[in-house]
Structures are given as structure tokens and as C-alpha cells.
Amino acid sequence: RVLFRSLGLKCGKSASAATNRGHKGANMEAIQSAKQPNAPSLPENVEAIYPLTVMQKALLYHTAAAPPESAMYFQQLTWVIRGDLDGALFREAWDRVVHRHAALRTFFVWRGRDEPAQCVCRRVRLTWIDEDWRDRDASSSDLQAMLAADRQRGFRLDEAPLTRFHLLRIGD
């Protein structure tokens, strides 16, 4: 048995929804030129930049202003997978999902800019933590403590991806 957790930050509409509005690429220069002189430049890995919706701006504002321990808009999903699991193939499958969906390769920029923006990376490296917990009780306070510590860790909204994975082997 394997316990699988996906941790992510939800911030409004996805980049894939913005793509359908025709912003891909066209807004890149406009948004980059709207920055103030000492704003950090964007990484070469950025393939598209989108203006934020009103809702995204509000979510970004409240998330950035909140103390990290608030875990505002922080979601943790946990599944128990029964049977044999090939961890390498599982990670590869998630890599393919992330490669296919722009919203999973997104980060936000707002510091030093007139308008905040959502940036989509061409590629990202997912964070995976694999642990063997067969000698521990995964339903105990150990698991709750690990989840709480991970919420404390939070996310940097200006770094993609805004998700990470934790794979715990809890039985044979």
C-alpha cells in the first residue's frame, strides 16, 4: 500500500483557460514592458504571460499578504493506493500531466510591476518526496504532524510549480 499526497496552491482560473482567450505570447512584451525599472527579469523558461483576472488579483493579494502559517488557499489531497505501484512510472505519469497542462507550470509575478501577471514555464521540475513508512502508523499523529509541517512550509508564489508530491510506502 502506498499513501500519495499532492500538495498545491489554488489561485483562481487556470492558464489553460487564459490561453483560450487569445493571450498566449501576444501579451508577453506588453506585460514585460509594464514593469518598473528595478523589477526582476523573467526566466528564459517562460513560454507565456497572462494578465490576471479580477478574482486572481484578489487571491494573489490575500495570499501574499497573509502570514505563511495561515496556509490560505493551500490544499492537501491524500489518497491510499492499494496494490503494486511502480514509483518511477507514477512520477513519469505526473510529469506528463504537468507537461500537458499549462496551469500546473504556472507562477505569479507582482513585485516591481504595475500589474501582476501569471507566467507559464515551458518545463518545470516537480518536487517529489519518497519515504518508507512501513514501520510507522500512517493513520497516527505522525502523518498529521507531517501534513502540518508541510502546510507551514508553504509555497513561493513566484516560483513554479505551485505543487509538490509526497509518496509514502505504508505497507506491502
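Every chain is numbered on its own, with residues counted from 1 as its sequence reads. pLDDT decides what is reported in this predicted model: residues at 70 or higher carry local features, side-chain atom pairs at 80 or more are listed and counted, and totals for whole chains, interfaces and linings draw on all residues regardless. Neither water nor hydrogens contribute to the side-chain values; these are computed over all heavy atoms in the structure.

**Describing the packing of aromatic side chains**
No. 1: Classification of ring pairs uses Phe, Tyr and Trp, with its six-membered ring standing for Trp, and accepts pairs whose centres are within 6.5 Å; under 30 degrees between planes counts as stacked, over 60 as edge-to-face, and the remaining range as tilted. In total, this model carries 4 aromatic pairs according to the counting rule given.
No. 2: Centroid distance Phe90 to Trp128: 6.0 Å. Interplanar angle 70 degrees. Geometry classified as edge-to-face. Of this pair, Phe90 sits in helix α4 (residues 87–100) while Trp128 sits in strand β6 (residues 127–132), and the two are 38 residues apart along the sequence.
No. 3: The class for Phe90 is buried, based on a relative accessible area of 16%.
No. 4: Exposed residues in this analysis have more than 50% of their type's maximum accessible area, buried residues have under 20%, and partly exposed residues fall in between, with area computed by a 1.4 Å probe over protein chains only. The class of Trp128 is buried, set by a relative accessible area of 17%.
No. 5: A centroid spacing of 4.9 Å and a plane angle of 45 degrees characterise the contact between Trp94 and Phe165, whose relative ring orientation is tilted. Separated by 71 residues along the polypeptide, Trp94 in helix α4 and Phe165 in strand β7 (residues 163–169) bring together distant segments of the chain.
No. 6: A residue is classified by how much of its surface remains accessible, and Trp94, at 23% relative accessible area, is partly exposed.
No. 7: Aromatic rings pair up to connect Phe90, Trp94, Trp128 and Phe165 into one cluster. Strands here are runs of E lasting at least two residues and helices are runs of H or I lasting at least four, both read from the DSSP assignment and numbered beginning at the N terminus.

**Description of the pairing of β7**
A regular strand places its side chains on the two faces of the sheet in alternate fashion.
No. 1: Extensive coverage of β7 is indicated by the burial of 6 of its 7 residues.
No. 2: In this sheet, β7 lies alongside β6 in parallel orientation, the contact comprising 6 bridges. Bridge assignment links Trp128 to a residue of β7, and that residue is Phe165. One bridge is not enough; two strands pair if DSSP finds at least two bridges between them.

**A few points about the sheet that holds strand β4 (residues 106–109)**
No. 1: Reading across from one edge, β2-β5-β4 is the order of the 3 strands in this open sheet, with antiparallel pairing throughout. Whereas interior strands pair on both sides, the edge strands pair on one side only; in this sheet they are β2 (46–51) and β4. Each strand of the sheet is rotated relative to its neighbour by a mean of 30 degrees, with strand direction disregarded.
No. 2: When β2 meets strand β5 (residues 117–121), the two strands line up antiparallel, connected through 5 bridges. Within β5, the residue paired with Tyr50 across the bridge is Gln118. Orientation is described by lines fitted to C-alpha atoms, with helices fitted over the stretch in contact, and by angles between N-to-C directions that extend from 0 to 180 degrees.

**Points about the environment of Tyr50**
No. 1: Positionally, Tyr50 belongs in strand β2.
No. 2: The class of Tyr50 is buried, set by a relative accessible area of 1%.
No. 3: Distance from Tyr50 to Val120, taken between C-alpha atoms, is 8.3 Å for residues 70 residues apart in sequence.

**Remarks on unusual backbone geometry**
No. 1: Omega for the bond connecting Ala160 with Pro161 falls within 30 degrees of zero, at 0 degrees, which places this linkage in the cis form.
No. 2: As for its position among the elements, Pro161 is in the loop between α5 (141–153) and β7.

**A word on the side chain of Thr63**
No. 1: For Thr63, the location among the structural elements is in helix α3 (residues 54–65).
No. 2: For Thr63, a relative accessible area of 14% gives the class buried.
No. 3: Beyond its immediate sequence surroundings of up to four residues, Thr63 is in contact with Met72, Tyr73 and Leu157. Here a residue-residue contact requires only that any non-hydrogen atoms of the pair lie within 4.5 Å.

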